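# Chains, contacts and geometry: an overview
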Amino acid sequence: MSADSSQTDAPLDEGQPPDEAKRPMRFGKVAMTFFVCLGLLAGVGTFTFGYGKGASYLSNNPETCINCHVMQDHMDSWQQSSHHHVAVCNDCHLPHDFVGKWVTKADNGFFHSLAFTMGGYKDPIQIKPRNQRVTQSTCISCHKDFVHPLLPAIAGHDMLSCVHCHADVGHAGR
Amino acid sequence: ERKQEARTPFVRVVEVDEVSTDPKPWGLNFPQQYEDYLKTVDDEYTDYGGNHALPPSKLEEYPWLKRLFAGYAFSIEYREARGHAHMLADQEVTRRVTEVQQAGACLHCHASIIPTYRRIGMEQLGQEVTAAKLAESFNQEAVMAGFKAVSQQTYEEVHAELEKTPDGVVEAAAGDPHLGNAHPVSCIDCHDPKTMALRVTRPGFLIGIDKLANSDDPVPHLPSIAKWRKAGSKGTYDPNTDATRQELRSFVCGQCHVEYYCANKMTLTFPWSNGLKVEDLEAEWDSTTFPSENADETGEPFYDYVHKETGTKVYKAQHPEFELWSQGIHARAGVSCADCHMPYEKVGATKVSSHWVRSPMTNINKACQTCHKVSEQEIKDRVDLIQHRTSDLIDRAAAAVTEMFDAIIAAREAGASDEQLKPIRDLQRKAMWRLDFIASENSKGFHASQESARILAESIDYSRQAIAGCYQLESEPAAEPAKGDAS
Amino acid sequence: ERKQEARTPFVRVVEVDEVSTDPKPWGLNFPQQYEDYLKTVDDEYTDYGGNHALPPSKLEEYPWLKRLFAGYAFSIEYREARGHAHMLADQEVTRRVTEVQQAGACLHCHASIIPTYRRIGMEQLGQEVTAAKLAESFNQEAVMAGFKAVSQQTYEEVHAELEKTPDGVVEAAAGDPHLGNAHPVSCIDCHDPKTMALRVTRPGFLIGIDKLANSDDPVPHLPSIAKWRKAGSKGTYDPNTDATRQELRSFVCGQCHVEYYCANKMTLTFPWSNGLKVEDLEAEWDSTTFPSENADETGEPFYDYVHKETGTKVYKAQHPEFELWSQGIHARAGVSCADCHMPYEKVGATKVSSHWVRSPMTNINKACQTCHKVSEQEIKDRVDLIQHRTSDLIDRAAAAVTEMFDAIIAAREAGASDEQLKPIRDLQRKAMWRLDFIASENSKGFHASQESARILAESIDYSRQAIAGCYQLESEPAAEPAKGDAS
Ligand SMILES: [Ca+2]
Ligand SMILES: [Ca+2]
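Predicted model, so just to flag it, every value in this text is computed and none were measured. (Residues numbered from 1 in each chain as written. Chains lettered and ligands numbered in written order. Predicted model: local features only at pLDDT ≥ 70, side-chain atom pairs only at ≥ 80, totals over all residues. Heavy atoms only, no water.)

Next up on the list: the overall build of chain B. The helix and strand inventory of chain B stands at 23 helices and four strands. The principal-axis extents of the C-alpha atoms in chain B amount to approximately 80 × 60 × 55 Å. Burial statistics for chain B: of 487 residues in total, 55% are counted as buried. At a minimum sequence separation of 6, the contacts of chain B that also span at least 24 residues come to 65%. Total accessible area on chain B stands at roughly 20,400 Å², and carbon and sulfur atoms take up 53% of it. The positive charge centre, built from 53 side chains, and the negative charge centre, built from 75, are 5 Å apart in chain B. (Helix = DSSP H or I, 4+ residues; strand = E, 2+ residues; numbered from the N terminus. Buried < 20%, exposed > 50% of the residue type's maximum accessible area, 1.4 Å probe, protein only. Contact = heavy atoms within 4.5 Å. Areas by Shrake-Rupley, 256 points an atom, 1.4 Å probe, with all protein chains shown as cover. Lys, Arg positive; Asp, Glu negative; His and termini not counted. Charge placed at Lys NZ, Arg CZ, Asp CG, Glu CD.)

As structure tokens, then:
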């Protein structure tokens, strides 16, 4: 109910103090997206895209994610999870509809490159509300029939977050 | 970023509506939940093998409770709780009801009473009452009116009203005022019959939670209250529209598993206007006065009973599970009552909430191990340790409280004046309230382990201060010499 | 437990060995750890901007501490702890050392003293002492012998011995007894210089943990002890061969962050022969007698100091972090001191343990969020709540303890006999011990939240029983009339 929010669409990092000194504010990132997007993406972005074997980011192979060593822990914990033989990273971290999938790829791809290159992200990394909604939607996409009673009784109403109880399905030891 | 679409409506075999207090027809629609629900008659203590004896007496288990409740109905009979299906029968037969005149408000939490409130409320509000109208909608205005209207009636009167309300099954016979049976908590008390969505129905809770929302208690575990406050605290906080689904999974229990006032001097009250901590509740009782006959006068200050051994007016705490849970790490982490007491279970190709509401310790695998990946034995041991620490402190606090009674008795016998005893009685009330708060809470400290110990520490502190206060009186010249029969 | 990858052997720039108490050469091999380690001179209170004033005084922050410690060195000066790099300097300048004659055993935990113990031990054992021999191996037999040999020496004598031991850097000059510098805790105290494996070096811990293993305390958080017991409790329990790596990640801290006896009546002792709970430690002190001059006599019963205001012999508790952690849910869940106080951090493509040992609250992301996926603010709030409850109870217990002092003082002035005061003094000792146990523990209850509250509840209970006892004495005829100047 509170910070680890069981409500799918609650902003999860609400209440987190803007830690301006230590890391760029979200606004800064957004501004970057708009003003520097083209320039930076072509510059730093491309560097990282190349360095991080960016093209492979667009594939489905989990190995491509660990082109960045910062993803190693998540790879390890995924390998130990109950899902490693039924779902790869993208099965959970990309929406299962076509448009959402490519929007998310572009968006995350950009931010990963930016974050990786500029540094200043949290360690351990913390998933953001938007991506939490993605994982929630993918759980449901695969398990819809089984979890049918958990869906909202009324359209638009909220429901419980799957990882409230199943915290470790994708990553063991969470 | 799609909003989750709604589930497809459940297939129904029969229709249920707002008078369907009998769970049987619901059971045709939802056989699994109904079957589980029926298991709440089973009980480890008493019910295996068809033996339906009453559960063990707490008064026998903890003899000091008799002294704590001296002068109050609880000293006559007080037992362990058991499954939901028993609640009405257990209330009907308790000597607290058979030997003492109780208020009709008792049924607020022991019967599926909402349609009865609605019926009486509709009459009060001059609305036409027909079986169809009664079944049509929740009609909160009427429910509230009915709740208030019966608040001055006796237990027997209100119990009789229950049978004058249709229950969705019993057919009215011409000239027979008995229109339905009385039922313990039932599907309709927690579910909207149309959508099966969770909802809260109890007036005590609706009023209480609104008071809480209007207080300045931070309640970090209830994010919808923060949201409502942020939006300007407009109108009433209505859990049925404002609360998250996860909150409702605790609110439905908070309708009954709470501290209350329930007697005939005022309507049933949940004392949440300052917050949910033990001292917040106490502060509400401290500042409450009973309504006075004469509108110009302020009424008598609130109390539950006069403690017989000492003559002090004190408060009685009852099962504050919701309040104590609110102070614990689980509430803080968003874990609801239903998560532990009604865990999901796999049934065929779907998962359902276990409606066999019971101790999670009889169902550790589903209740705890989804979140805590350690062995059952280890979970049991952790709970035992927490409960053991709490128990030890309860014993310690009980020893202090009973010594306090002796000291006050002796001081009175030695001639202490009421004025001298006033500060001591204040300490006594605080000490008893805190001990009772944790002793009457049913998790033995588990719902908020550190908070329980803190509350008991305070109880001990106040009891022993009162004792020292009595001894000091004795050595003060003001007190008359002992009358000789002092113990 | 964390996943273990076989470590690729470290590349070494320089060799370090068993006398390398100076961390500098280690730093050439492990620059990241060394750099972190050096940050332990930084301190939020005092060190920013190069100001190296001493940290805040606890005696000023909590004036009742002065009364608690009346008659003991702690009442002269007692400050907040700060980073490891300060430990030796802070000890050298504390007025507890400069104004009171302290024992050499103090250095057990404030200096990198093992090579000195070894050197003196080798001499005692008649082994040849050369720089090479000293550097060769840990030589536990000699370390233990040296530890015992210096136990009767003064602080100044042992401090001087430190500088007679090579430290791996200072070059011996002909005829100069100064062979090395004295250093605070250093790499060699927790690491094997050959393999860098964790190890414990402190005799106090080695003896203490063996006593614990031989006790019947269940210690579910220390699985290797259960294993050793199961294998028949043969010989000594040796953490360096028996403990798991995860246990060692707490044991290295348990070398110092523990309750101890450290004065000149017996060797430094960790009182773990009955277990690690507050009453287990107390039971060891209760049953300890000081060695007597005369071998036939039993010595005087153990005590730390005579409480000056009341004349009662009492115990002093010091920083029982290891013991309190042992009672908490984190220990139970296998979470070690290093997990929170030395969390892994990424440095380039590798992970290292942060050697900037400090409060995890200054490093929440790495220290807590690996396990707790909630916001930093929420984690801070949870810790605050736990510490706040503890603080409130500490204040409550402190109020009770100081009132108790007043009551005892008054009773003595009123002429109470030693015999009459005996049971009261016993209560006083228990009350002070428990309050001090939690007040001197440095997590303000966090390491074991419910247990801390329980201990404080007991403290309050005993203090107030003692107070009532005093008042009862006063009203008893046995006591002489007040002498007039009673407060
Ligand atoms: Ca009550
Ligand atoms: Ca000590």
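Structure shown, so let's carry the discussion forward.
Time to look at the pairing of strand β3 (residues 344–347) of chain B. In this sheet, strand β4 (residues 350–353) of chain B lies alongside β3(B) in antiparallel orientation, the contact comprising four bridges. Looking at the pairing, E345(B) lines up with V352(B) of β4(B). (Pairing = 2+ DSSP bridges.)

Working reference: metal with six octahedral donors, ideal angles 90 or 180 degrees; metal with four tetrahedral donors, ideal angle 109.5 degrees. Residue and element names in this part refer to chain B. Around the calcium ion (ligand 1), the donor atoms from the protein are E259 (OE), E259 (OE), Y260 (O), K316 (O) and Q318 (OE1), and they sit 2.3 to 2.6 Å away. Counting residues between consecutive donors of the calcium ion (ligand 1) along the chain gives the motif E-Y-x55-K-x1-Q. When its relative accessible area of 0% is taken as the criterion, E259 is described as buried. A relative accessible area of 19% means that Y260 is categorised as buried. (Donors = N, O, S within 2.8 Å, 3.2 Å for Na, K, Ca; no water.)

This part takes up the environment of E156(B). Residues and elements named next belong to chain B. Mapped onto the elements, E156 comes out in helix α10 (residues 155–162). Residue classification places E156 among the partly exposed residues on the basis of a relative accessible area of 40%. Taking the C-alpha atoms as reference points, E156 and V129, separated by 27 residues in sequence, lie 23 Å from one another.

Attention now goes to unusual backbone geometry. For the bond running from D123(A) to P124(A), omega is 0°, close enough to zero to count as cis. Positive phi, close to 30°, is recorded for V219(B), a residue that is not glycine. Its place among the elements puts V219(B) in the loop between α12 (203–213) and α13 (223–230).

What follows deals with the interface of chain A and chain B. Between chain A and chain B, the residue contacts involve 31 residues of the former and 36 residues of the latter. Interface area, chain A with chain B, both sides summed: about 3,000 Å², of which 57% is carbon and sulfur. In this structure, the connection of chain A to chain B is made through one salt bridge. Where K373(B) meets D168(A), a salt bridge forms, and the shortest distance between an N and an O atom there is 3.8 Å. On the surface where chain A and chain B come into contact, there are 13 residue pairs in polar contact (both at pLDDT 80 or more). Residue assignment for the side of chain A that touches chain B shows that the elements contributing at least two residues are α7 (129–143) and α8 (162–165) of chain A. At four residues, the largest contribution of residues to the side of chain A that touches chain B is made by α7(A). The class makeup of the residues in the side of chain A that touches chain B is 15 nonpolar, eight polar and eight charged. (Buried area = accessible area lost by both parts, 1.4 Å probe. Salt bridge = Lys/Arg side-chain N within 4 Å of Asp/Glu carboxyl O. Polar contact = N/O pair within 3.5 Å; in protein donor to acceptor, adjacent residues only side chain to side chain. Nonpolar A, V, L, I, M, F, W, Y, C, P; charged D, E, K, R; others polar.)

Tallied over the full model, the rule gives zero disulfides over all chains. With no disulfide of its own, C89(A) has C65(A) as its nearest cysteine by sulfur position, at a separation of 3.8 Å. Lacking any disulfide linkage, C337(C) is separated from the closest cysteine sulfur, that of C253(C), by 3.9 Å. Owing to a relative accessible area of 16%, C337(C) belongs among the buried residues under this scheme. (Disulfide = S-S within 2.5 Å.)

Next up on the list: helix α16 (residues 278–287) of chain C. Where α16(C) is concerned, the buried positions are V278(C), D280(C), L281(C), E282(C), E284(C) and W285(C). Considering only its buried residues, α16(C) is in contact with α12 (203–214), β1 (261–263), β2 (266–269), α17 (321–326), α22 (418–440) and α23 (449–475) of chain C.

Right, let's talk about empty space enclosed by the protein for a bit. All names here are of chain C. Applying the stated criterion across every chain yields a total of five cavities of 30 Å³ or more. Quantified by volume, the second largest cavity comes out at close to 60 Å³. Lining the second largest cavity are T21, S112, P115, T116, L162, T165, P166, D167, N181, A182 and H183. For the lining of the second largest cavity, the residue count by class is four nonpolar, six polar and one charged. (1 Å grid on protein atoms, 1.4 Å probe; cavity = no way out; pocket = protein on both sides within 12 Å on 5 of 7 lines; lining within 4 Å. Points joined across faces, edges and corners; volume = space filled by probe spheres on them.)

This brings us to the nonpolar core. Of all hydrophobic cores here, the largest spans 197 residues; its most connected members are F251(B), W272(B), F251(C), W272(C) and L435(C). Once residues lying within four places of it in the same chain are set aside, the contact partners of L435(C) are W64(C), L68(C), I394(C), A397(C), A398(C), V401(C), L456(C) and S459(C). Of all hydrophobic cores here, the second largest spans seven residues; its members include I140(A), L151(A), L160(A) and Y344(B). (Core = buried A, V, L, I, M, F, W, Y, C linked by side-chain atoms within 4.5 Å.)

Its location among the elements puts Q126(A) in the loop between α6 (98–118) and α7. At 2.6 Å, the side chain of Q126(A) forms a polar contact with the side chain of Q369(C).

Time to look at the pattern of salt bridges. What the rule picks out here adds up to 76 salt bridges over all chains. Between K39(B) and D36(B) there is a salt bridge; the shortest N-O distance is 3.5 Å. The exposure class of K39(B) is partly exposed, given its relative accessible area of 28%. Exposure remark for D36(B): the relative accessible area of 2% places this residue in the buried category. Each of E279(B), E282(B), R434(B), E451(B), R454(B), E458(B), D461(B), R389(C), R396(C), E403(C) and R464(C) takes part in salt bridges that share partners, so that together they form one network.

It is worth spelling out helix α7 (residues 114–124) of chain C at this point. Residues and elements named next belong to chain C. Most of α7 is tucked away: nine of the eleven residues are buried. The set of residues buried in α7 consists of I114, P115, T116, Y117, R118, R119, I120, G121 and M122. Those residues of α7 that are buried are in contact with α8 (131–136), α9 (140–149), α10 (155–162), α11 (187–190) and α12.

With that out of the way, let us pick up a nonpolar patch on the surface. Taken together, the side chains of F98(A), V99(A), W102(A) and V103(A) define a hydrophobic patch exposed on the protein surface, amounting to about 440 Å² of accessible area. With respect to the helices and strands, the residue F98(A) is situated in helix α6. (Patch = residues over 30% accessible without salt bridge, like charges linked within 9 Å, V, L, I, M, F, W, Y side chains within 5 Å.)

Below, the discussion takes up the confidence of the model for chain B. Residue and element names in this part refer to chain B. Put simply, chain B has an average pLDDT of 94, and 95% of its residues get 70 or more. Ignoring residues within four places in sequence, the model shows residues 478–487, a span with pLDDT below 50, making twelve contacts including any to other chains. Predicted complex metrics record ipTM = 0.93 and pTM = 0.94. (pLDDT = per-residue confidence, 0-100.)

Moving on to the packing of α22(C) against α23(C). All names here are of chain C. Where α22 contacts α23, the axes come no closer than 8 Å and their chain directions differ by 155°. In terms of their interaxial angle, α22 and α23 are classed as roughly antiparallel. α22 and α23 meet at a crossing whose hand is left-handed. On α23, the residues touching Q420, L421, I424, L427, K430, A431, R434, L435, F437 and I438 of α22 are S452, I455, L456, E458, S459, Y462, S463, Q465, A466, G469, C470 and L473. Split by residue class, the contact of α22 with α23 holds 13 nonpolar, six polar and three charged. (Axes fitted to C-alpha atoms, helices over the stretch in contact; angles between N-to-C directions. Parallel < 35°, antiparallel > 145°, perpendicular 65-115°, else oblique. Left-handed = near helix turned anticlockwise from the far one by under 90°.)

A separate point is the side chain of E259(B). Residues and elements named next belong to chain B. Relative to the assigned elements, E259 resides in the loop between α15 (245–254) and α16 (278–287). At 2.8 Å, the side chain of E259 and the backbone nitrogen of Q318 are in polar contact. In contact with E259, not counting residues within four places along its chain, are T269, F270, P271, L281, W285, K316, A317, Q318, H319, P320, E323 and W433.

Moving on: the environment of E92(C). Residue and element names in this part refer to chain C. Note on placement: E92 falls in helix α5 (residues 87–93). Sequence-wise, E92 and H110 are 18 residues apart; in three dimensions their C-alpha atoms are separated by 9.5 Å. Other than its neighbours up to four places away in sequence, E92 contacts V97, T98, Y155 and H159.

Following the sequence through the fold, H164(A) ends up in helix α8. Of note is the side chain of H164(A), whose polar atom sits 2.7 Å from the side chain of D339(B).

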